[in-house]
Amino acid sequence: MTQTNSVVCPVCNSDHLILKYQATYEYSYVIDSNAPGINNTEELLPHLYDNREQKDTKQFIECSSCGTSYPCYFDKWTERINTETIQKAIQSAFHAKKHLST
């Protein structure tokens, strides 16, 4: 495979791709005598939570042109992650989706 400067969607050949990270958190506030949350004294301020727990996470590359999404996972970004490795990950996800739908 020849090194290219852009990553393209195998469905529509667009190079308008976005790496997305979606996370769901649950925020808890202790109910005490003055207001919900130990850190809230006058009003409930959402950023002054007592506990935060991550419930779900999802990473994917999404094509802005056709809306196709390709699951992926990056736990750290290194110099080995480049357009070629991202294109290979997209191609792999594309072929897996195609295989599952047949």
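Here's what I pulled together on the structure shown here. (Residues numbered from 1 in each chain as written. Predicted model: local features only at pLDDT ≥ 70, side-chain atom pairs only at ≥ 80, totals over all residues. Heavy atoms only, no water.)

**What to know about helix H1 (residues 83-101)**
This is how the line gets drawn: Think of it this way: any DSSP run of H or I at least four residues long counts as a helix, any run of E at least two long counts as a strand, and we number them from the N terminus. A helix's residues, less one, multiplied by 1.5 Å, set its expected span. Accessible area is worked out with a 1.4 Å probe on protein chains only. A residue is then buried under 20% of its type maximum, exposed over 50%, and partly exposed in between. This arc is built from the directions going out from the helix axis to the C-beta atoms. A 3.5 Å cut-off defines polar contacts: any pair of N or O atoms within that distance qualifies, except that in protein one atom must be a possible hydrogen donor and the other a possible acceptor, and neighbouring residues in sequence count only when both atoms are side-chain atoms.
Compared with the 27 Å implied by 1.5 Å per residue over 19 residues, the 27 Å span of H1 between its first and last C-alpha is a close match. Listed in full, the buried residues belonging to H1 are Ile 86, Gln 87, Ile 90, Ala 93 and Phe 94. Projected down its long axis, H1 carries its buried residues within an arc of 125 degrees, all on one side. Residues of H1 that are exposed and angled more than 90 degrees away from the buried face: His 99 and Leu 100. Measuring from the side-chain oxygen of the N-cap residue of H1 to the backbone nitrogen of Glu 84 gives 3.0 Å; that N-cap residue is Asn 82.

**Section: the packing of aromatic side chains**
Convention followed: Each pair of aromatic rings taken from Phe, Tyr and Trp, with Trp reduced to its six-membered ring, is defined by centres within 6.5 Å and is described as stacked if the planes are under 30 degrees apart, edge-to-face if over 60, and tilted in the remaining cases. Whether a charge lies above a ring is judged from NZ of Lys or CZ of Arg, which has to be within 6 Å of the ring centre and within 35 degrees of the ring normal.
All told, the structure shown has two aromatic pairs when counted by the stated rule. With a centroid separation of 6.4 Å and 45 degrees between ring planes, the pair formed by Tyr 25 and Tyr 27 is classed as tilted. Exposure remark for Tyr 25: the relative accessible area of 32% places this residue in the partly exposed category. What makes Tyr 27 partly exposed here is its relative accessible area of 37%. Chaining the aromatic ring pairs together yields one cluster made of Tyr 25, Tyr 27 and Tyr 49. Above the ring of Tyr 25, the side-chain terminus of Arg 52 is found at 4.5 Å from the ring centroid. Here the basic side chain of Lys 58 rests over the ring of Phe 60, its NZ or CZ set 5.0 Å away from the ring centre.

**Observations regarding the pairing of strand S2 (residues 51-63)**
As a reminder of what qualifies: Two strands are counted as paired when DSSP detects at least two bridges linking them.
The pairing of strand S1 (residues 17-28) with S2 spans 12 bridges and is classified as antiparallel. Bridge pairing in S2 places Tyr 21 opposite Gln 59. Looking at chain direction, S2 and strand S3 (residues 69-71) are connected through three bridges and run antiparallel. Within S3, the position partnered with Ile 61 by the bridge is Tyr 70. With antiparallel pairing between neighbouring strands as the criterion, S2 and S3 make up a hairpin whose turn holds five residues, including Gly 67 at a positive phi of roughly 85 degrees.

Take it as geometry only, folks, not as evidence of what the structure does.
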